[in-house]
Amino acid sequence: MAMHTSLSLRTPSPSLSFSSKLPFTSAFSLRPFPRHHHHHHRNLVFIVSASINAKPTVLVAEKLGEAGLLLLKDFANVDCSYNLTPEELCTKISLCDALIVRSGTKVSRDVFESSNGRLKVVGRAGVGIDNVDLAAATEFGCLVVNAPTANTVAAAEHGIALLAAMARNVAQADASVKSGKWLRNKYVGVSLVGKTLAVLGFGKVGSEVARRAKGLGMHVIAHDPYAPADRARAIGVDLVSFDEAISTADFISLHMPLTPSTAKVLNDETFAKVKKGVRIVNVARGGVIDEDALVRALDAGIVAQAALDVFTEEPPSKDSKLILHEQVIATPHLGASTMEAQEGVAIEIAEAVVGALRGELAATAVNAPMVPAEVLAELKPYVDLAEQLGRLAVQLVAGGSGVKTVKVTYASSRAPDDLDTRLLRAMITKGLIEPISSVFVNLVNADFTAKQRGLRITEERVILDGSPENPLEFIQVQIANVESRFASAISDSGEIKVEGRVKDGIPHLTRVGSFEVDVSLEGSIILCRQVDQPGMIGKVGSILGQENINVSFMSVGRIAPRKQAVMAIGVDDQPNKEVLKKIGDIPAVEELVFLKLQDKVVT
């Protein structure tokens, strides 16, 4: 018995990026390549065959730690060119396979356009990727990786340092003493113990700040629309709404990325809701605060103090009212600036970029589906099956119909949360789009490309009883509201329908429309519908044999004996029009179609 669960997945916006682990190639040809070290059994590595012998070029546009540069130089030609103007960067980029930046270089759409398709990976040495145009990177099939872990502790420690320094007027008192004064009464501070800290953005850095603040005896609350509640509970932090966070906090610490939804999240309107006398720490991004509004709030006493490591414009202007404000402590973007973090970030980003150029699974990809290595290894034959079914389905569409709605059904005995289908969806998208387009679809740009073409893909799970030994029993692809070149491919419910399974590691086509067939998806396929009568297999086989076309598989599916039948013939070579006409001229043959599949993937 099968239980149906339906999930409609519209292709996500490119700005909603999935982080972590995926194989990367420019045209995404899945070709495993062994790595000779002790982890090689865990990873499936992919290469672009055209670049096996060529040494890639990596442009390092901002200062990177020596350990990272050494890693890069072992694998690639490294060009360290700092302080490039946008024009100089666009000029250089067409000669580069990878680009590494920190936060000071804008990697705009112009950069991706100027690369002429050569740029395969952008590495951001640090966490935030707001200086990289992710939508453009995805559109141009360029992987973006970051270094999200190495400077986490450094940033959290700096946040705590600013919090304590602000509470006790350390910077102002230091300047006062150095100017010859001794103003003990002027610099009376406030205690941290028992106070409420609101952490806005409960990611890696935010949660580390929360841990440390708990150690200081503070009550910590947090707001983050994407944070799991159980992780917050484990640290002893309450997740609350944005309004509750800012209205009850004595201290606010900002830890969110800069996105359209977080830009100027603290502004005149939100400052009107804060607890009077609140103190603000920002080690995230300057743009999340409206700086003019903050000056007004400081002047009005709504905000008592601010400690800022980041600014909308870096460096800020020398006459900035915010910087010069007596109640503001400012540091020059030192969040990641510890010896240990700088070295760690350099190594982390160098490893990510080299791995991506090798075509390995990138653990820190920020614009691609998340596919762990062991999952990919298990799904490999189903990845091939998914792409081939997409190719078959789109070639069955009569010209001019326009593919808009595709439904994919996955049948599995596994629990719904034990099978991530995003990789399979990306490969079906690749199969659907590449035969009718000049674009190369890969994992990075699949969802974006589908959305761009108005292609809506919905996914359905059929949960089967039985052993979950195999990840999938079958995959079915249906295209609605189109006419077909092969009428028999239209199912009873009116859609083009193809279905396939993996048998002994090889993808097979097992259903066309309402007809069951069984043909290996290697080479190409001839489908023909005929009246079921003796001698048909011989007649078709003999025509192909005369033309020296080798038949790899042949399968007949029929409604009932001596009624309608569909013959699926796997062929190694593409028959010419004359051969197809000869088969079509056999009196019992009512229709036929030739479907070209991608060349067999070499494993």
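Residues numbered from 1 in each chain as written. Predicted model: local features only at pLDDT ≥ 70, side-chain atom pairs only at ≥ 80, totals over all residues. Heavy atoms only, no water.

Draft legend 1. Structural view of the overall build of the protein. A tally of regular secondary structure across the protein gives 18 helices and 23 strands. Within the span of the protein, comprising 603 residues, buried residues form 52% of the whole. For the protein, the proportion of contacts with a sequence separation of at least 24, taken over those separated by at least 6, is 69%. Total accessible area on the protein stands at roughly 27,200 Å², and carbon and sulfur atoms take up 53% of it. (Helix = DSSP H or I, 4+ residues; strand = E, 2+ residues; numbered from the N terminus. Buried < 20%, exposed > 50% of the residue type's maximum accessible area, 1.4 Å probe, protein only. Contact = heavy atoms within 4.5 Å. Areas by Shrake-Rupley, 256 points an atom, 1.4 Å probe, with all protein chains shown as cover.)

Draft legend 2. Summary view of the sheet that holds strand β8 (residues 219–223). The parallel open sheet is built from seven strands, whose spatial order is β9-β8-β7-β10-β11-β12-β13. Two strands lie at the open edges of the sheet, namely β9 (238–239) and β13 (328–330), each paired on one side alone. Direction of pairing for strand β7 (residues 196–200) relative to strand β10 (residues 251–254): parallel, over a ladder of four bridges. In the strand pairing of β10, L200 is matched with L254. Packing against the sheet, helix α11 (residues 291–299) makes contact with β11 (278–282), β12 (303–308) and β13, and its axis sits at approximately 140° to β12. (Pairing = 2+ DSSP bridges. Axes fitted to C-alpha atoms, helices over the stretch in contact; angles between N-to-C directions.)

Draft legend 3. Quick peek at the packing of helix α1 (residues 66–75) against helix α13 (residues 339–358). Packing of α1 against α13 leaves a shortest axis separation of 7 Å and a crossing angle of 20°. By the angle class used here, α1 and α13 are roughly parallel. Crossing of α1 against α13: the hand is right-handed. On the side of α1, the interface is formed by E66, A67, G68, L71, L72 and F75, while α13 contributes E343, A346, I347, A350, E351, V353, V354, L357 and R358. Broken down by class, the residue content of the contact of α1 with α13 amounts to ten nonpolar, one polar and four charged. (Parallel < 35°, antiparallel > 145°, perpendicular 65-115°, else oblique. Left-handed = near helix turned anticlockwise from the far one by under 90°. Nonpolar A, V, L, I, M, F, W, Y, C, P; charged D, E, K, R; others polar.)

Draft legend 4. Fine view of the nonpolar core. Counting residues in hydrophobic clusters, the biggest one holds 52 residues, and the most contacted among them are L396, V406, I475, I479, L509 and L527. In terms of residue count, the dominant contributor to this core is helix α14 (residues 373–395) (nine residues). Each of two domains, domain 3 (371–513) and domain 4 (525–594), supplies a minimum of three residues to this core. In contact with L396, other than residues within four places in its own chain, are E483, S484, R485, F486, A489, I496, V498, L527, V593 and L595. (Core = buried A, V, L, I, M, F, W, Y, C linked by side-chain atoms within 4.5 Å. Domains from an automatic or database assignment.)

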